[in-house]
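The residues making up each chain are set out below.
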Amino acid sequence: MDKLKRFAVDYVTYVVKGSPAFYAWIAFLCILILGLLYGTYLHAADGLRYTGLTDQVHDGLYLANFVFLVGIAAGAVTIVFPAYVYRHKGLHAVAVLGEMLAISAVLMCILFIISHMGRPDRLWHMLPIIGIYNLPHSMLAWDTLVLVGYMLLNFAGGFYFLYMKYTGQPLNKKFYLPLIYVSIVWALSIHTVTAFLLNTMPSRPMWHHSMLPIRFILTAFAAGPSLIILIFLIVRTRTRLWVENSAIDLLATIITYCLGLSLFLTLSEVVTELYANTEHALGLQYLMFGMHGFTDLVPWFWGSLAASIAAFAILLKPSWRTNYRLLALACGLAFIGIWVEKGMGLLVPGFIPTPIGEFTQYLPTTLEIFVTLGNWAVGFLILTVLLKGAIGILLGDIAYVRLPQGKTTSDAAGELATPELT
Amino acid sequence: MVNSRRSFLKSASSLSVSSLLGTAALMTMSDDAQANMEWAEWFQGNYRLMSEEEKAQARARLERRYTREYGKKVTVDGTPAQEGVLMGYALNIKKCIGCRRCAKACVEENNQSRGKDQDIEWIRVLKMEKGEFSQEKMNQGYPEGLGIQVGGNAYTPAGVVLEGEHYYQPEAVPEKDAAYMPIACMQCEKPPCVKVCPVRTTYREADGPVVIDYNWCIGCRMCMSACPYWARRFNWSDPNLPKEAMNPVTHYLGNRPRMKGVVEKCTFCIQRTRQGRYPACVEVCPTGARKFGNLLDPNSEVSRIIARKNVFRLKAELNTFPKFFYFMD
């Protein structure tokens, strides 16, 4: 118990201390969070009237970001899976960072759902026992279950690992490995169920096809590792923790495969829908070319497609892929391309036209954009803190047993980085 | 069952006396007591799972609040589903002239929000062009200018539901070359909206209508996505319901005033139909295009229409089994 207390104290004192650049970053995030607080206040006081949402397009930026972030959370498994199943050394050393990303992403999902809900004050209605939890019928109930479960698994796995590292004890494999393996399968489940949330509704023909879950997983395994590579490149330059090239290269390969396959699925969808050109293709037609003079989403679709293709082209050539400046560009393009594709490109046209044929447009209001940025800022704040703490422990900067004088922490990092698991 | 309902009605009537007294007490209520009342509303459970006593309390609480807010005596009825009744609807599309009196009557009866900010109508009347095939265009093949035609363009859309529009503003109805197709909640026997609700706040009542406990809805809008008939509306802000226009005869699961952040929809005017009256839209329709009745009674108008006319249901291929039938003479 005393150790646990010391862990908490050491952890917190470590993460709150930092360079001026660190404080500037935190301050920047806090300014964005002020926008979120104001927006949340307006939502609570007056309902969702200040959003661009209507009875026709009643899910927008908030739900789109939720769907995308579930993918980011699931994408963390691209670190954990090779690290523990294929014993990839480079990734194994930093696997805990993936778990930290998963925790932050799920927390962001929860924030976006709360912004999306009409009555967040009644969230307790969903709690089992005191409320009603509509299993097995409601996909939203399933989604909540898998998401919260995934967060707890990553929290347990990640912090157990960090705590053992902190105290210098070996990991209990019988406890730890099953946790990791369950969380790997669980990661697939969260994005599958999020796809089921949308594609089980025949009322929205644009989503109603069995390709959606695998497409979600592929885009998640492209966008997730893209963000992870960007984080790794920042970690390598801004902290003393070295992420092996082999780790980054493997992730880049995973992105290449998944992005290529997801582009193939996009092509398949376009051909399947537009060739027959039934009423069910109206949403896709509206997205790609505009209809009845409504063309707001057209640049989003083609922009996203161009970004994804450009990213894929860079990744395809090994000599470009291993040039980390170009790789960073590709990752940025893939991340943005998929964010648009899953958000404005998938969610919104699902509602256009309405089931009775009405065409309307949806554009997020300034308030929605502020709330969205604020939710992302909270997520990045949590991510920054979690990554800083985890890196501190991996480096041995936070440790229960103080190192003897003269021995530097980076030496210790070299020793400690070789994991107890073999 | 009959006995239990009778005793329940008895307790409900004695309760309405006590709620009258409660209203009197309310006039002198302190702020604290009011706050307590709203807390009690916030903490109440799902209506369907409440005991009869809790249901009565919840309704009495609402009666007090509405009476205070709208400055007139408001009743919140809780009449349960009637034995041997399954509500059904039939609409003669040949007779509909597109006057939309049904939509207006529905708003007035069911206390929908009105005004520029938030105009909620449960009934939408789709105006559809009758369309035409023209001789001038008979040779406009696709692709144009090539000998062998893959398809033609000699038509203008006719009878396509998705080409209908419901914002038409004619000088007079019915318009030439137009057909009308009113749409509202189909009260499906297999309602997709009910299936997706994470908190079971929307459910099918035993006598047919799909209802919502507005006090239990969390506003996630999954039901709106799932509905293939675009029958559900959301309260994006507090509804704008003028005091003088408010209909004080309400049902807990029906037309009682809603709050911001919840979904609402047609309930077959549960506050009327459970008292043996017609829905407001049926009553107001000037051409008699709208028919309502008990599907379990073979002699009801609706049952006879289903038995004798050619009827169809919208989007039957989705297996939602609507209890709303279209027919023509």
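Residues numbered from 1 in each chain as written. Chains lettered and ligands numbered in written order. Predicted model: local features only at pLDDT ≥ 70, side-chain atom pairs only at ≥ 80, totals over all residues.

A closer look at the overall build of chain A
Check the secondary structure of chain A and you find 15 helices and zero strands. Dimensions of chain A along its principal axes, counting C-alpha atoms only, are 75 × 55 × 45 Å. In chain A, buried positions account for 47% of the 422 residues. Long-range pairs, those at least 24 residues apart, make up 77% of the contacts in chain A between residues at least 6 apart in sequence. (Helix = DSSP H or I, 4+ residues; strand = E, 2+ residues; numbered from the N terminus. Buried ≥ 20, exposed ≤ 12 C-beta atoms within 10 Å, placed from the backbone. Contact = placed C-beta atoms within 7 Å.)

So, the overall build of chain B
Counting secondary structure elements, chain B contains nine helices and 14 strands. Residues counted as buried form 42% of the 329 residues belonging to chain B. In chain B, 68% of the contacts between residues at least 6 apart in sequence involve partners at least 24 apart.

Considering the nonpolar core
Counting residues in hydrophobic clusters, the biggest one holds 197 residues, and the most contacted among them are Leu 69, Ala 73, Cys 109, Tyr 150, Ala 334 and Ala 390 of chain A. Per-element accounting of this core gives the leading share, 17 residues, to helix α5 (residues 89–116) of chain A. When residues are assigned to domains, this core turns out to be shared by domain 1 (2–77) and domain 2 (87–126 + 182–327) of chain B, each giving three or more. Residue contacts for Ala 73 of chain A: discarding those within four places in its chain leaves Ala 102, Ala 105, Val 106, Cys 109, Tyr 150 and Ile 190 of chain A. (Core = buried A, V, L, I, M, F, W, Y, C linked by C-beta atoms within 7 Å. Domains from an automatic or database assignment.)

Thoughts on the sheet that holds strand β13 (residues 311–312) of chain B
Residue and element names in this part refer to chain B. Within the open sheet, the four strands sit side by side as β12-β2-β14-β13. Their pairing is mixed. The sheet is open, and its two borders are formed by β12 (290–294) and β13, each paired with just one other strand. Pairing of strand β2 (residues 87–92) with strand β14 (residues 324–327), which is carried by four bridges, proceeds in the parallel orientation. Across the sheet, Asn 92 pairs through a bridge with Phe 327, a residue of β14. Packing of helix α9 (residues 301–308) onto the sheet brings it into contact with β2, β12, β13 and β14, and relative to β12 it is tilted by some 105°. (Pairing = 2+ DSSP bridges. Axes fitted to C-alpha atoms, helices over the stretch in contact; angles between N-to-C directions.)

Observations concerning the interface of chain A and chain B
Contact with chain A, which involves 33 residues of that partner, is made by 39 residues of chain B. With three residues, helix α6 (residues 139–167) of chain A is the single largest residue contributor to the side of chain A that touches chain B. Per-class residue counts for the side of chain A that touches chain B are 14 nonpolar, 11 polar and eight charged. (Nonpolar A, V, L, I, M, F, W, Y, C, P; charged D, E, K, R; others polar.)

What about the packing of helix α7 (residues 173–199) of chain A against helix α8 (residues 212–238) of chain A?
All names here are of chain A. For the pair α7 and α8, interaxial distance at closest approach is 8 Å and the crossing angle is 135°. Between α7 and α8, the interaxial angle falls into the category oblique. In this structure, α7 crosses over α8, and the sense of that crossing is right-handed. Packed against α7, whose contacting residues are Leu 188, His 191, Thr 192, Thr 194, Ala 195, Phe 196, Leu 198 and Asn 199, the element α8 presents Leu 212, Pro 213, Phe 216, Ile 217 and Ala 220 at the interface. Residue classes in the contact of α7 with α8 are distributed as nine nonpolar, four polar and no charged. (Parallel < 35°, antiparallel > 145°, perpendicular 65-115°, else oblique. Left-handed = near helix turned anticlockwise from the far one by under 90°.)

Brief notes about unusual backbone geometry
For the peptide bond that leads from Ile 352 of chain A to Pro 353 of chain A, omega is -5°, which places it in the cis range. Mapped onto the elements of the fold, Pro 353 of chain A is located in the loop between α13 (324–347) and α14 (366–395). Here the bond from Val 173 of chain B into Pro 174 of chain B is cis, since omega is -5°, no more than 30 degrees from zero. In this fold, Pro 174 of chain B is placed in the loop between β5 (151–152) and β6 (178–183).

With respect to the environment of Gly 98 of chain A
Residue and element names in this part refer to chain A. Note on placement: Gly 98 falls in helix α5. For Gly 98, a count of 27 C-beta atoms within 10 Å gives the class buried. Separated by 289 residues in the primary sequence, Gly 98 and Leu 387 have C-alpha atoms spaced 9.2 Å apart. Apart from the residues within four sequence positions on either side, Gly 98 is in contact with Ala 76, Ile 79, Val 80 and Ile 228.

Section: helix α11 (residues 298–316) of chain A
Residue and element names in this part refer to chain A. For α11, spanning 19 residues, the distance from its first C-alpha to its last is 27 Å, which sits close to the expected 27 Å at 1.5 Å a residue. Along α11, the positions that sit buried rather than exposed are Phe 301, Ser 304, Ala 307, Ser 308, Ala 311, Phe 312, Ile 314 and Leu 315. The inward-facing, buried residues of α11 abut α9 (245–276), α10 (282–289), α12 (318–321) and α13. (Expected span 1.5 Å × (residues − 1).)

Re the domain arrangement of chain B
Residues and elements named next belong to chain B. According to the domain assignment, chain B contains domain 1 (2–77), domain 2 (87–126 + 182–327) and domain 3 (130–173). Looking at the side of domain 1 that touches domain 2, the elements that each hand over two or more residues are α3 (52–70) and β1 (75–77). With four residues, α3 is the single largest residue contributor to the side of domain 1 that touches domain 2.

Comments concerning the packing of helix α2 (residues 20–46) of chain A against α14 of chain A
Residues and elements named next belong to chain A. Running from N to C, α2 and α14 cross one another at 135°; their axes reach a closest spacing of 7 Å. Classified by the interaxial angle, the pair formed by α2 and α14 is oblique. The handedness of the crossing between α2 and α14 is left-handed. Counted together, Trp 25, Ile 26, Leu 29, Leu 32, Ile 33, Gly 35, Leu 36, Gly 39, Thr 40 and Leu 42 of α2 and Leu 367, Phe 370, Val 371, Leu 373, Gly 374, Asn 375, Ala 377, Val 378, Phe 380, Leu 381 and Thr 384 of α14 form the full contact between these two elements. Tallied by class, residues from the contact of α2 with α14 come to 15 nonpolar, six polar and no charged.

What about α9 of chain A?
Here α9 of chain A contains 32 residues, and its C-alpha end-to-end distance of 47 Å stays within 8% of the 46 Å for a straight helix at 1.5 Å per residue. Looking at the residues trailing α9 of chain A, positive phi occurs at Asn 277 of chain A, about 55°.

Re the pairing of β2 of chain B
Residue and element names in this part refer to chain B. Counting buried residues along β2, five of its six residues qualify, which places the element largely inside the surrounding structure. Note that β2 and β12 share five bridges and pair antiparallel. Each bridged residue has a counterpart across the sheet, and for Ala 90 the counterpart in β12 is Lys 291.

Concerning the environment of Ser 237 of chain B
Along the chain, the position of Ser 237 of chain B falls in the loop between β9 (233–234) and β10 (249–251). In the structure, Ser 237 of chain B is positioned 61 residues away from Pro 298 of chain B in sequence and 44 Å away in space, judged by C-alpha atoms. Excluding residues within four positions of it along the chain, Ser 237 of chain B makes contact with Asp 46, Gly 47 and Arg 49 of chain A together with Asp 117, Gln 118 and Lys 260 of chain B.

Description of the confidence of the model for chain A
The pLDDT averaged across chain A works out to 93; a share of 95% of its residues lies at or above 70. In this model residues 408–422 of chain A is a low-confidence stretch, pLDDT under 50, and it forms 21 contacts with partners more than four residues away in sequence or in other chains. (pLDDT = per-residue confidence, 0-100.)

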